[in-house]
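Coordinate inspection notes
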Amino acid sequence: MRPLFVLALITVVLLSVIAIGSLLTISNDPHWFIRGWDFPHVQLVAITVVLAVIYLVAAKMWFSTNALHPGWHWTVGSLVTVILGWLAYGIMPYTPIMPVQTMPAADWNDDRKLRLVVSNVEMENTEYELWMKTIAEADPDIAIILEVDERWMSAIEPLRKKYDHEIACPQDNWYGMLLLSRFPILDHEIRFRVCDDVPSIDAVVQLPSGDSVRMLAVHPRPPEPIRDNDSKARDAELTLYGRDLEGFDQPAIIGGDLNDVAWSSTTRLFLRLSKMLDPRRGRGFFNSFNANHWWMRFPLDHVFHSQHFTLRRIERLGYVGSDHFPMLLELQCEPARKHEQEPLEERDTDKQEASELITRGLAES
């Protein structure tokens, strides 16, 4: 076969794989291979565009010899349209050309401010000083710190001493958790919603204004091939909190390493159920993982909030030795502006889907 024909054939095969893989996620099957296609949407868009350009260049070269059947053009055009259309549906809301979901704060009021950092430190990471320096410079009122074990608890004690309140659940299984707060913690509970060794923190803090805010810290188990984990536990935990927050009409924030991307069906279901807002919509992806590979990064570290909050600042912080970048958000409690911010619209099938995900996840735990 001619080399250019082989190149065209390879291009069509690769586009077919991307199309099939991307559409597999519609099934909501929990297998890690299928759920893994949720993550690299941006990368798959880039690969699809490159493949389309390669094909067009090759096709143009073939036009002079009339060696390329028109059916190839139709096939490639259809595949590119399907891939880009489906992937754009997920990622477009996070581009600056789309409207923001969280309104910017108008009149700044520091008594109503909540400055939050979410950081997965990576348990094996030993860059304690670099991490503490980065967090100290960010100066959060509340820090949600994930993958802390006793070694990390000891190493970052100088930073811990700067906070009046903490909730600690160190573990040596990559699911330890620590919440530091300058604000009084009125109530809290360490919960194991799905897995016996995967905690979450459910707390109530009080702002200087007197407003009480429910703070949730989460780090569900990811779908991944090394341990052959599917997504059942993660999906169930996110959905449980989505159902908990449904109808909760007080200020609330949930943050952590969700081991899921913002555009996945599970996260969108959580957002529809909980009526929480995503401050990245209309502002950017803020890819926080993998800090070690610029070409393969996804937004895994999330902060969602109720309609009571507006946004003062959102930023991805610098490298801290972990495979995750810390995320910094500064929110302002402005309940009077709730009507200006629209959550995702709930679907008729959401409650049934939520029940199925929760039942499936709890049955496996």
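Relevant structure appears above.
This one's a predicted model, so the numbers in the text were calculated from it and none came from an experiment. (Residues numbered from 1 in each chain as written. Predicted model: local features only at pLDDT ≥ 70, side-chain atom pairs only at ≥ 80, totals over all residues. Heavy atoms only, no water.)

1. Quick look at the overall build of the protein chain
Short version of the rule: Helix and strand labels come from DSSP, where a helix needs a run of H or I of at least four residues and a strand needs a run of E of at least two; each type is numbered from the N terminus. The size measure is the radius of gyration over C-alpha atoms, and the globule rule it meets is 2.2 Å times the number of residues to the 0.38 power. Exposed residues in this analysis have more than 50% of their type's maximum accessible area, buried residues have under 20%, and partly exposed residues fall in between, with area computed by a 1.4 Å probe over protein chains only. Whether two residues touch is decided by their heavy atoms; if any such pair falls within 4.5 Å, the residues are in contact. To be clear on the numbers: accessible area is Shrake-Rupley with a 1.4 Å probe, and residue cover counts the displayed protein chains and nothing else.
Helix and strand counts for the protein chain stand at ten helices and eleven strands. Over its C-alpha trace the protein chain gives a radius of gyration of 22 Å, about what one expects of a compact globule, namely 21 Å for 365 residues. By principal-axis analysis of the C-alpha atoms, the protein chain measures approximately 75 × 45 × 45 Å. Looking at the 365 residues of the protein chain, the share that counts as buried comes to 56%. In the protein chain, of all internal contacts separated by at least 6 residues, the share reaching a separation of at least 24 is 71%. Total accessible area on the protein chain is roughly 15900 Å²; 59% of this is exposed by carbon and sulfur atoms.

2. Concerning a nonpolar patch on the surface
For clarity, the threshold we go by: Residues forming no salt bridge and having over 30% relative accessible area are the ones grouped into patches, like charges within 9 Å of each other and nonpolar side chains (Val, Leu, Ile, Met, Phe, Trp, Tyr) within 5 Å. Each salt bridge in this description consists of a side-chain nitrogen of Lys or Arg and a carboxyl oxygen of Asp or Glu lying within 4 Å of one another.
A cluster of nonpolar side chains, namely L7, V50 and I54, defines an oily patch on the protein surface of about 220 Å² accessible area. Inspection of the secondary structure puts I54 in helix α3 (residues 41-63). Note on I54: relative accessible area 33%, which makes it partly exposed.

3. Some points on the side chain of R35
For the record, the criterion: Distance and chemistry together define a polar contact, namely a pair of N or O atoms within 3.5 Å, with one atom able to donate a hydrogen and the other to accept it when in protein, and with adjacent residues in sequence counting only for side-chain atoms on both sides.
On the secondary structure map, R35 appears in helix α2 (residues 32-35). A polar contact is formed between the side chain of R35 and the backbone oxygen of D29, at a distance of 2.8 Å. Apart from residues lying up to four places away in sequence, R35 is in contact with T25, N28, D29, P30, P223, S231, R234, D235 and S265.

4. Considerations on the sheet that holds strand β10 (residues 309-316)
The cut-off we apply is this: Paired strands are those between which DSSP finds at least two bridges. Here an axis means a line fitted to C-alpha atoms, over the contact stretch when the element is a helix, while the angle between two N-to-C directions is reported on a 0 to 180 degree scale.
Here six strands make up an open sheet; going across it, the order is β3-β4-β2-β1-β11-β10 and the pairing mixed. Looking along the sheet, the strands with just one partner apiece sit at the ends: β3 (165-169) and β10. Between one strand and the next, the sheet's axes are offset by a mean angle of 10°, whatever the strand orientation. Relative to strand β11 (residues 327-333), β10 runs antiparallel, the two sharing seven bridges.

5. Let's talk about the pattern of salt bridges
A full pass over the atoms with the stated rule returns 31 salt bridges. Between K275 and E346 there is a salt bridge; the shortest N-O distance is 3.1 Å. Of this pair, K275 sits in the loop between α9 (265-274) and β9 (301-305) while E346 sits in the loop between β11 and α10 (350-364); the two residues are 71 residues apart in sequence, bridging distant segments of the chain. You can call K275 partly exposed: its relative accessible area is 29%. With a closest N to O distance of 2.9 Å, R337 and E340 form a salt bridge. On the basis of relative accessibility, which here comes to 34%, the residue E340 falls in the partly exposed class. It is possible to trace a salt-bridge network through shared partners that takes in R191, R193, D202, R214 and D244.

6. Focus on the nonpolar core
Put simply, the rule reads: Among the buried residues, those of types Ala, Val, Leu, Ile, Met, Phe, Trp, Tyr and Cys that are joined through side-chain atoms within 4.5 Å form a nonpolar core.
Counting 27 residues, the largest nonpolar core has L114, L116, I142, I144, V213, M215 and I253 as its most contacted members. When contributions to this core are tallied by element, the ones reaching two or more residues are β1 (113-120), β2 (142-146), β4 (177-181), β6 (200-206), β7 (212-218), β10 and β11. Ranked by the residues each element gives to this core, the list is headed by β11, at four residues. Setting aside anything within four residues of it in sequence, one finds I144 in contact with L116, V117, V118, S119, L178, L179, M215, L216, A217 and G255.

7. As for the sheet that holds β7
Spatially, the five strands line up as an open sheet ordered β5-β6-β7-β8-β9, and their pairing is mixed. Edge positions in the sheet fall to β5 (185-191) and β9, since each of these pairs with one other strand and no more. When strand polarity is set aside, the average angle formed by the axes of neighbouring strands in this sheet is 15°. One ladder, built from six bridges, connects β6 with β7; its direction is antiparallel. Bridging from a neighbouring strand, A203 pairs with M215 of β7. Strands in contact with helix α8 (residues 232-245) are β5, β6, β7 and β8 (252-257); relative to β7, the strand with the most contacts, it is inclined by about 170°.

8. A few points about the side chain of K113
Structurally, K113 can be placed in strand β1. Judged by relative accessible area, which is 14%, K113 ranks as buried. Among the polar contacts listed, one links the side chain of K113 to the side chain of D141, at a separation of 2.9 Å. With sequence-adjacent residues up to four places away left out, K113 is seen in contact with D141, F183, L207, R312, E330 and L331.

9. Regarding the packing of α9 against α10
Put simply, the test is: Throughout, the term roughly parallel applies to angles under 35 degrees, roughly antiparallel to angles over 145, roughly perpendicular to angles from 65 to 115, and oblique to all others. Here a crossing is taken to be left-handed if its near helix is turned anticlockwise relative to the far helix by less than a right angle, and right-handed if that turn runs clockwise. Throughout this entry, Asp, Glu, Lys and Arg are counted as charged residues, while Ala, Val, Leu, Ile, Met, Phe, Trp, Tyr, Cys and Pro are counted as nonpolar. The remaining residues, Gly among them, count as polar.
Packing of α9 against α10 leaves a shortest axis separation of 11 Å and a crossing angle of 120°. Classified by the interaxial angle, the pair formed by α9 and α10 is oblique. Here the hand of the crossing between α9 and α10 comes out left-handed. On the side of α9, the interface is formed by L269, R272 and L273, while α10 contributes D350, E353, A354 and L357. Here the contact of α9 with α10 is composed, by residue class, of four nonpolar, no polar and three charged.

10. Examining the environment of E237
Here E237 lies in helix α8. Residue classification places E237 among the buried residues on the basis of a relative accessible area of 3%. C-alpha separation for the pair E237 and L300, spaced 63 residues apart in sequence, amounts to 15 Å. Not counting residues up to four positions away in its chain, the partners in contact with E237 are R193, V194, V198, P199, S200, V218 and P220.

Purely spatial values, then, with no claim about function.
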